[in-house]
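# Secondary and tertiary structure notes
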Amino acid sequence: MADFGGTDLEAFRAETRAWLAENYPASLNTPMGEDDAPWGGRQFAWKNPDAKLWLDRMAAKGWTAPMWPKEYGGGGLSKEENKVLEQELRNIRARPALMSFGLWMLGPVLLEYATEEQKQKFIPPIIRGEIRWCQGYSEPGAGSDLAALQTKCEDKGDHFLINGQKVWTSYADQADWIFCLVRTDTTKKHEGISFVLFDMTTPGVEARPIKLISGSSPFCETFFDNVKVPKDQMVGKLNGGWEIAKRLLQYERQNISASGFGGGGGLDLVEVAKKEIGVDEQGRLDDGDLRARIAAHRMDAHAFMLTVRRAEVESKASKGPSAAVSIIKYAAAKMNQDRYELMVEAMGLQGLGWEGEGFAKDELAVTRGWLRSKGNSIEGGTSEVNLNVVAKRVLGLLDHQ
Amino acid sequence: MAVLNEEQTMLRDAAREWTQENAPTTALRKLRDGKTKATFDAPTWAEMGQMGWAGVIVPEEHGGSAFGYLSLGLVLEETGRTLAASPLISTALTGASALMLGGSDAQKAEWLPKIAAGEIVATLAVDEGSHHAPEKIAFAAQKNGGGWVLNGTKTFVLDGEAADLLIVAARTSGKGTDGLTLFLVDGDAPGVTRTHLSLADSRGAAKIAFESVEVGADAVLGEVDKGWAVLEPTLDRARAGLAAEMLGTATQAFEVTLEYLKTRTQFGQVIGAFQALQHRAAKMFTDLETARSCVEAALEAIDAGQDVRATASLTKARVNEILHLASIEMVQMHGGIGMTDEHDAGLYMKRARVAEALFGGTTYHRDRYARIMGF
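## Description of the overall build of chain A
Helix and strand counts for chain A come out as 11 helices and eight strands. Whereas a compact globule of 401 residues would reach a radius of gyration of roughly 21 Å, chain A reaches 23 Å, a difference of no more than 12%. Projecting the C-alpha coordinates of chain A onto the three principal axes gives extents of approximately 80 × 55 × 50 Å. Counting every position in chain A, which comprises 401 residues, the buried fraction comes to 49%. As displayed, chain A has an accessible area near 19400 Å², and 52% of this comes from carbon and sulfur atoms. Here chain A holds 50 positive side-chain charges and 56 negative ones, and the gap between their average locations is 3 Å.

Shown next, in the form of structure tokens:
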């Protein structure tokens with residue numbers, strides 16, 4: 001490995017800073033709204049052409065996937081260099097160049113489990129944001145008990161034939177391809193599952209949006225009716241998909257948690273509470289009970305941030321996951337939900353606007369965000385399932401017989 | 001667990017082995033059931049002194065090892081596991097911190113070597129009522145020729161009866177955090193009367209009355225009327241260190257309970273197979289992990305010389321909460337046996353409540369955190 005001592009890293013920092021100054025489009029120097037998210041893919045309508053330009057420039061350097069190998073179009077950066085890149089991007093408040101389930105979830109498992117041909121075929125388009133992926137995991141009868149999935153995949157000699165239904169498929173109606181868990185052996189539970197990739201335009205695939213309590217439709221029901229899939233699009237071994245599925249879920253939980261579940265419409269809870277409720281002569285929020293509960297929540301968030309940092313430091317030192325990692329998804333979901341509940345409470349009816357006049361854009365976002373946050377303890381493994389995992393795998397408690 | 005260097009790992013391992021061997025909960029029971037009113041066992045303290053635990057944060061030129069607060073926290077965590085009663089908090093942590101932060105060269109040279117050697121007990125006399133409230137100190141000190149005369153009462157002073165050196169926070173002018181002054185007072189000075197307060201955790205504390213206690217100008221620790229500049233950071237060090245001890249207590253309570261969940265059977269299975277108990281255990285583990293992050297961050301920040309006011313309050317409040325929970329669940333999950341004096345659960349719960357109240361309860365620190373954060 002190269003020596004990334006101070007001098008080399010400082011040189012890398014200087015180069016990076018110069019490159020960003022040259023290449024980050026000025027028109028992106030505003031906060032990114034939810035409708036500006038750069039998902040990419042074949043059908044994506046770029047609202048701002050500069051956002052596409054930013055993606056292309058970053059992708060050309062491999063910096064949408066900075067630590068992936070250069071041979072597949074990644075940036076090939078070391079951990080230390082990547083940290084510098086992240087710092088420099090943060091310094092200029094750069095928008096993400098690309099948001100992508102391919103980058104966050106699929107890519108890492110392809111690098112680990114796919115054949116060389118599959119890597120060559122699928123990884124570069126992920127890095128360039130050309131193919132937008134969705135995740136075909138949950139089914140109506142297989143949510144928390146994911147391994148109970150029934151979507152049937154039959155070997156028809158020169159191809160696989162898939163029939164069944166998925167649900168909670170995020171953005172299935174806008175995705176180009178799907179990574180999908182299918183049942184290839186009905187006699188076994190976990191050992192009868194395989195991991196396949198296919199194009200969403202294949203005949204027999206249909207995605208129908210599901211409207212949520214927040215009024216939006218990020219999720220779909222997805223139906224497969226005699227879908228033909230080429231056999232070289234199975235990743236890993238036949239009936240060996242569960243191991244890949246679990247690994248991918250780790251990446252998913254990590255990503256969901258690391259995001260801290262977003263902001264709260266860009267509003268600061270304390271500022272909002274002060275504005276809507278007022279302060280006493282000592283400058284304290286003029287509602288002692290709410291103030292105490294906001295303080296308790298802020299402490300949760302502070303403790304959570306310190307825990308994420310500790311887990312990083314410990315993982316790096318021991319070259320393995322820290323015990324603290326196992327609680328992060330559960331804690332992050334709870335924290336985000338608490339923040340939204342307090343936000344709505346602090347704002348009073350102003351925080352419950354649905355649409356139209358009388359409400360600012362960020363106020364309306366709070367209402368939607370509050371409702372959306374209820375999904376945090378369900379998606380990517382329910383809080384109950386996460387607590388089960390901690391109880392069994394970390395604490396060593398047994399199953400009920 | 002923080003990433004430890006070799007010295008720290010050795011210190012922690014030695015502390016774990018020694019406390020489990022030499023200061024288990026049976027030692028606390030002996031102290032409780034004994035005839036004396038001692039708040040700790042003197043021979044145990046003497047051995048701790050010989051092992052260098054009293055001088056972990058003390059600079060080398062004053063006879064300490066200067067390993068820092070994170071290292072002292074490792075020792076405290078281990079003594080917290082077994083509820084080992086000692087003056088580590090009062091002397092090695094709080095007393096040493098106050099002298100290091102505010103002491104003149106002469107004061108440091110006189111007292112720190114004795115603390116580091118475990119030869120004396122020092123303690124901070126700050127509270128005057130049932131709740132920790134250093135901002136409301138009323139205890140009076142008045143100019144008396146070249147020196148000062150102290151009048152008033154301090155209460156819930158840790159190891160107050162045994163203390164050779166009292167560090168007394170007094171009001172010399174003003175109000176609130178302005179006009180406070182710290183004084184070094186001999187524990188046996190004329191006019192000092194100490195009364196034992198027997199607390200539920202079997203360690204106790206003292207009420208100390210000062211009646212026209214005269215001290216010289218050289219007894220002032222730090223600057224006259226500017227005692228808050230020493231007192232506040234001293235208290236934050238005390239809070240973070242006590243939190244490390246409490247983390248050990250909570251961790252032990254949790255682990256003992258977890259072990260019970262794996263062995264106690266009802267309805268034909270171990271009770272730990274019931275999801276209702278599994279989820280409570282997993283939530284406790286979550287709180288323990290985040291509390292540990294806070295303790296380590298606070299101690300590391302002290303060692304790095306950073307402003308630790310917010311982190312110290314965060315840490316004390318979070319650790320108060322997890323220890324409170326772990327001690328209740330220890331009793332509940334053990335069922336009837338947890339209610340008996342024979343079982344240790346009661347000892348942990350009693351220690352938990354006393355430690356929660358020391359140097360500020362949860363509401364105190366939640367309020368302080370909010371103020372520091374500007375709301």
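## Looking at the interface of chain A and chain B
Listed by partner, the interface residues are 41 residues for chain A and 40 residues for chain B. Where chain A abuts chain B, roughly 3300 Å² becomes buried across the two surfaces, and 67% of that area is made up of carbon and sulfur atoms. For the pair chain A and chain B, the interface holds four salt bridges. One salt bridge connects Arg310 of chain A with Glu289 of chain B, and the closest N-O pair in it is separated by 2.7 Å. In this structure, the connection of chain A to chain B is made through 16 residue pairs in polar contact (both at pLDDT 80 or more). Counting residues per element, the side of chain A that touches chain B draws most heavily on helix H8 (residues 288–318) of chain A, which supplies 16 residues. Here the residues of the side of chain A that touches chain B sort into 23 nonpolar, eight polar and 10 charged.

## Points about the nonpolar core
Leu150, Phe183, Val185, Phe210 and Leu231 of chain B are the most contacted members of the largest nonpolar core, which has 124 residues in total. No other element matches the 17 residues that helix H7 (residues 228–263) of chain B contributes to this core. In contact with Leu231 of chain B, not counting residues within four places along its chain, are Leu124, Val126, Pro134, Ile137, Ala169, Leu180 and Leu182 of chain B. Counting 39 residues, the second-largest nonpolar core is a separate cluster that includes Leu103, Val109, Leu146 and Leu249 of chain A.

## Brief notes about the pattern of salt bridges
Opposite charge on two side chains permits pairing when their charged atoms draw close. Considering all chains together, one arrives at 52 salt bridges over all chains under this definition. For Arg293 of chain A, the salt bridge is made with Glu345 of chain A, and the minimal N-O distance between the two is 2.7 Å. Placement of Arg293 of chain A in helix H8 and of Glu345 of chain A in helix H9 (residues 328–347) is noted, with a sequence separation of 52 residues between them. Here the salt bridges do not stand alone but share partners, grouping Arg29, Arg32, Asp33, Asp341 and Asp344 of chain B into one network.

## Considering the pairing of strand S2 (residues 152–155) of chain A
Residues and elements named next belong to chain A. Here S2 pairs with strand S3 (residues 159–170) via four bridges, running antiparallel. Residue pairing for S3: Cys153 is matched across the bridge by Ile162. Hairpin connection between S2 and S3: a loop of three residues separates the two successive antiparallel strands, and Gly157 in this loop has a positive phi of roughly 85 degrees.

## Here's the deal with the packing of aromatic side chains
Applying the stated criterion across every chain, the model contains 23 aromatic pairs over all chains. Ring geometry for Phe139 of chain B versus Phe210 of chain B: centroids 5.1 Å apart, planes at 90 degrees, classification edge-to-face. Of this pair, Phe139 of chain B sits in the loop between strand S1 (122–125) and strand S2 (140–144) while Phe210 of chain B is found in strand S7 (residues 205–215), placing the two residues 71 residues apart along the sequence. Here Phe139 of chain B matches Phe210 of chain B in class, with each residue buried. Taken together, Phe122, Trp133, Tyr137, Trp177, Phe179 and Phe195 of chain A form an aromatic cluster joined through their ring pairs. Looking at Lys61 of chain A, its charged tip hangs above the ring of Trp63 of chain A, at a distance of 4.8 Å from the centre.

Procedures and definitions
Residues numbered from 1 in each chain as written. Chains lettered and ligands numbered in written order. Predicted model: local features only at pLDDT ≥ 70, side-chain atom pairs only at ≥ 80, totals over all residues. Heavy atoms only, no water. Helix = DSSP H or I, 4+ residues; strand = E, 2+ residues; numbered from the N terminus. Rg over C-alpha atoms; globule rule 2.2 N^0.38 Å. Buried < 20%, exposed > 50% of the residue type's maximum accessible area, 1.4 Å probe, protein only. Areas by Shrake-Rupley, 256 points an atom, 1.4 Å probe, with all protein chains shown as cover. Lys, Arg positive; Asp, Glu negative; His and termini not counted. Charge placed at Lys NZ, Arg CZ, Asp CG, Glu CD. Contact = heavy atoms within 4.5 Å. Buried area = accessible area lost by both parts, 1.4 Å probe. Salt bridge = Lys/Arg side-chain N within 4 Å of Asp/Glu carboxyl O. Polar contact = N/O pair within 3.5 Å; in protein donor to acceptor, adjacent residues only side chain to side chain. Nonpolar A, V, L, I, M, F, W, Y, C, P; charged D, E, K, R; others polar. Core = buried A, V, L, I, M, F, W, Y, C linked by side-chain atoms within 4.5 Å. Pairing = 2+ DSSP bridges. Phe/Tyr/Trp six-rings, centres within 6.5 Å; stacked < 30°, edge-to-face > 60°. Lys NZ or Arg CZ within 6 Å of the ring centre and 35° of its normal.

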